[in-house]
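Understanding the architecture of this molecule
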Amino acid sequence: MSSSIKISGVDRVYTDTDGVSVEALRGIDLDIREGEFISLIGPSGCGKTTLLRLIAGLDKPQAGELTIDGSKITGVGPERGYVFQQGSLFPWLDIEKNISYGLRARGVLKTKKEKVGEYISMVGLDGFEKSYPHQISGGMAQRVAIARALINEPKALLLDEPMGALDSFTRSDLQDKLLELWKKEGTTMILVTHDIDEAIYLSDRIVIMTPRPGKISKIIDVDLPRPRHRGGVEFLEMRRQILEFFRLAQALPQPEYNI
Amino acid sequence: MDTQTVINTAVLSASPRTENKGQKAEQTAVKKGYRSNTYFLLKLLLTVSGFIIAIGVSLFFPQKAEIVIKDYALSAFGLTLNLTMNDAYIFVLVMLIVIYTVTGLVSAGNKERRKKFCKNAAFRFALGIGLALWDIGGTKLAFFPQPFFPGPAQVIEAYLSDGEYIIQNIIYSLRLYAAGFSCGVVLGVGTGILIGWFPKVYYWVFPVLKITGVVPAVAWMPFALTLLPDTFTAAVFLIVICAWFQIAFLTAKGIQSTPKQSYEAARILGSSQKDLILHVAIPHAMPDIFTGIGSANAMAFTTLVMSEMLGQPGGLGYYINQSKVWSAYYKVLAAIVIMAVLFSFINYIIGRIQKHTLRWQEGVLKK
Ligand SMILES: Nc1ncnc2c1ncn2[C@@H]1O[C@H](COP(=O)(O)OP(=O)(O)O)[C@@H](O)[C@H]1O
Ligand SMILES: [Mg+2]
């Protein structure tokens, strides 16, 4: 299950309490195809989260329009799942109840009870059903967050730096898990990341954004065959190109690109 | 029970089992401290010896002071028993010895409980010695100024002479407390949720709550006594308001501090507005609600006893007042002992409920 998302002419300006306004996004145009894996990369403050929140329906644009499968996005909807950077699990619910939250909230827990165990296994958390979020590691917590979003069978999954807070071993594990789920479910994936390697390893297309005002500067097609090898010649060449682009855009001197 | 085991397994398998290995290594070495059986038996002996000394004092220390030792006829199960206050006191001491011995023997098998029992031994010994000294200073020699400091046996005499009457008063107090406090909790949580959730309600109600909340509930007593139909309702009202304001205040705070991200996550997963209150805001506010209940509970005890002393036809506070009029200080002390036990027990119950409800919090599950 997947869906196409069309973003046209989107502006989003924030005005803070002092009356200073920030152009978080200006004139964003982007077509995301059904079942595509797309990454948004760019330095802090270039509007990646803002764009993702607009797609999720958590926020509204001042100008322009966002549509999903042809219909306008006006609010949140179960066909769009969202994974926050961290700390979005409900601490008062155990892992099983966190994962089944969406089924319960939509009133379908009784009829789809068997899915809960299935999704727990899918993210490799068997045996942790009755643990509480504070008892598990950061990597496990993010897997719970992903399973919790996927159990609603969204057509698009929006991920806001879901691996930003993880160590590199856990991160590459989770990347593979994500690819596996994507292949299995066919969900359209929109991933915000700081990590160029992660973007190349996972995506069909990489959307490069630059700040002040937040806009799309370049879209790169990643036409490398899968499974990809992080040390492959083409892989490294693509990384060099992206780095070069950021250097030209003078947006590079950010310590986040720890490559 | 079942869930507990699963959680434990989960925690164990997440962390390396170094603790287990350490334990085994120590078992093969010489058993030291509380692990050794001789040591444990000595501690058990220490625990009970204080009470044995207290019994000895009660039986063999000469009764110098002129205190009347009356016989009380107790009848139960068709048997009639003639007891003096000293007999009853010794009975209590024997019961303590039995209880502590049984506790000791039961905890012998469990490492943690065994350790705790050994740790408590010195205090329990001192308790027994304290009772013995109190007995000598109070009943035996009347060394302390009388009738203000009666001995332990005299305190127990209050239960022998007034037993049934005391029970009536306990029930009166409990009824008052249960009616007032349960209403207070329900109203407090209810208004707290409304204040925390609806900005309009917050705007109009919160300042009122904040100002009236600092006034001790008993200050309203004159109004309560004149405006409400009977004294019982008046006292219930006072307990209700002292619990209500405090709990509402903290509930509102807990609801308002719910992170925006929790609401967003829930909305994206399909939560309705009602769901956001019931399944996000209220669970998030639970720790604050319990903080409110805890402090409201302490205030409710104060309000309870004060209103009983100032205008109730029953209750432990009333009993204290009545006994004071007759200078029966041993009865005052007897009522205070009951309050200590009763209120501790209520606190214990609330604590257990809290621990169960907040088992998801860090540091609640693990020791
Ligand atoms: N709620 C908000 N209020 C005011 N300014 C905001 C808000 N959210 C984001 N911004 C501003 O908008 C810009 C883009 O933010 P964001 O989308 O979070 O960037 P990114 O996720 O790429 O780091 C930043 O300058 C940020 O300070
Ligand atoms: Mg961001």
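Owing to the predicted nature of the structure, the values given are computational and were not obtained by experimental measurement. (Residues numbered from 1 in each chain as written. Chains lettered and ligands numbered in written order. Predicted model: local features only at pLDDT ≥ 70, side-chain atom pairs only at ≥ 80, totals over all residues. Heavy atoms only, no water.)

1. Quick word on the domain arrangement of chain B
Where the parts come together, the accessible area they lose is often given as the size of the interface. Residues and elements named next belong to chain B. Partitioning chain B into structural domains gives domain 1 (33–161) and domain 2 (163–359). Computed over C-alpha atoms, the centres of domain 1 and domain 2 are 36 Å apart. At the junction of the two partners, domain 1 supplies eleven residues and domain 2 supplies eleven residues. Both sides together, the interface formed by domain 1 and domain 2 hides about 850 Å², and carbon and sulfur atoms give 72% of it. If you look at where domain 1 meets domain 2, you find zero salt bridges. The tally of links between domain 1 and domain 2 comes to two residue pairs in polar contact (both at pLDDT 80 or more). With seven residues, helix α6 (residues 152–197) is the largest single contributor of residues to the side of domain 1 that touches domain 2. Of the residues in the side of domain 1 that touches domain 2, the class split is eight nonpolar, two polar and one charged. (Domains from an automatic or database assignment. Contact = heavy atoms within 4.5 Å. Buried area = accessible area lost by both parts, 1.4 Å probe. Salt bridge = Lys/Arg side-chain N within 4 Å of Asp/Glu carboxyl O. Polar contact = N/O pair within 3.5 Å; in protein donor to acceptor, adjacent residues only side chain to side chain. Helix = DSSP H or I, 4+ residues; strand = E, 2+ residues; numbered from the N terminus. Nonpolar A, V, L, I, M, F, W, Y, C, P; charged D, E, K, R; others polar.)

2. Remarks on the side chain of A:E198
Residues and elements named next belong to chain A. With respect to the helices and strands, E198 occurs in helix α7 (residues 196–202). Within the buried set, E198 has no salt-bridge partner at all; the shortest N-O distance to an opposite charge, 4.6 Å, is to R171. The contacts of E198, once residues within four sequence positions are left out, are M163, R171, Q175, L191 and T193. (Buried < 20%, exposed > 50% of the residue type's maximum accessible area, 1.4 Å probe, protein only. Lys, Arg positive; Asp, Glu negative; His and termini not counted.)

3. Quick word on a nonpolar patch on the surface
Together, B:F91, B:V92, B:M95 and B:I99 make up an exposed nonpolar region whose accessible area comes to about 350 Å². Relative to the assigned elements, B:V92 resides in helix α4 (residues 85–107). (Patch = residues over 30% accessible without salt bridge, like charges linked within 9 Å, V, L, I, M, F, W, Y side chains within 5 Å. Areas by Shrake-Rupley, 256 points an atom, 1.4 Å probe, with all protein chains shown as cover.)

4. Remarks on the nonpolar core
Core analysis: the largest hydrophobic core is formed by 99 residues, its most contacted members being A:I7, A:I55, A:F90, A:I190 and B:F181. When residues no more than four places from it in sequence are discounted, the contact partners of B:F181 are B:I239, B:A243, B:I293, B:A296, B:N297, B:A300 and B:I350. In this structure, A:L166, A:I200, A:L202 and A:I220 belong to the second largest nonpolar core, which totals 50 residues. (Core = buried A, V, L, I, M, F, W, Y, C linked by side-chain atoms within 4.5 Å.)

5. Structural notes on the environment of B:I241
Residue and element names in this part refer to chain B. In this fold, I241 is placed in helix α9 (residues 231–256). Sequence spacing of I241 and L209 is 32 residues, and the spatial spacing of their C-alpha atoms is 10 Å. In this structure, I241 is in contact with A217 and W220, ignoring residues within four places of it in sequence.

6. Remarks on the packing of helix α7 (residues 199–213) of chain B against α9(B)
Residues and elements named next belong to chain B. Running from N to C, α7 and α9 cross one another at 135 degrees; their axes reach a closest spacing of 10 Å. Classified by the angle their axes make, α7 and α9 are oblique. Every pair of crossing elements has a handedness; the one defined by α7 and α9 is left-handed. Of the residues in α9, those in contact with Y202, F206, L209, K210, T212 and G213 of α7 are F245, A248, F249 and Q256. Its residues assigned to classes, the contact of α7 with α9 shows six nonpolar, three polar and one charged. (Axes fitted to C-alpha atoms, helices over the stretch in contact; angles between N-to-C directions. Parallel < 35°, antiparallel > 145°, perpendicular 65-115°, else oblique. Left-handed = near helix turned anticlockwise from the far one by under 90°.)

7. Brief notes about the environment of A:T188
Residues and elements named next belong to chain A. Of note, T188 is situated in strand β8 (residues 188–193). Sequence-wise, T188 and S3 are 185 residues apart; in three dimensions their C-alpha atoms are separated by 6.3 Å. A polar contact is formed between the side chain of T188 and the backbone oxygen of S3, at a distance of 2.8 Å.

8. Overview of the packing of aromatic side chains
One pair of aromatic rings is described through two measures. These are the centre distance and the angle between the planes. Applying the stated criterion across every chain yields a total of 22 aromatic pairs over all chains. The lysine or arginine in question, A:R230, covers the ring of A:Y201, its NZ or CZ lying 3.8 Å from the ring centre. Against the face of B:F40 rests B:R114, its NZ or CZ located 4.7 Å from the ring centre. (Phe/Tyr/Trp six-rings, centres within 6.5 Å; stacked < 30°, edge-to-face > 60°. Lys NZ or Arg CZ within 6 Å of the ring centre and 35° of its normal.)

9. With respect to unusual backbone geometry
Residue and element names in this part refer to chain A. P213 follows R212 through a cis peptide bond whose omega is -10 degrees. Summarising the element assignment, P213 is placed in the loop between β9 (205–210) and β10 (215–221). Cis peptide bonds are those with omega within 30 degrees of zero, and the linkage from R226 to P227 qualifies with -5 degrees. Tracing the backbone through its elements, the reader meets P227 in the loop between β10 and α8 (233–248). For E153, which is not a glycine, the phi torsion comes out positive at approximately 50 degrees. Counting through the fold element by element, E153 comes out in the loop between α5 (138–150) and β7 (156–160).

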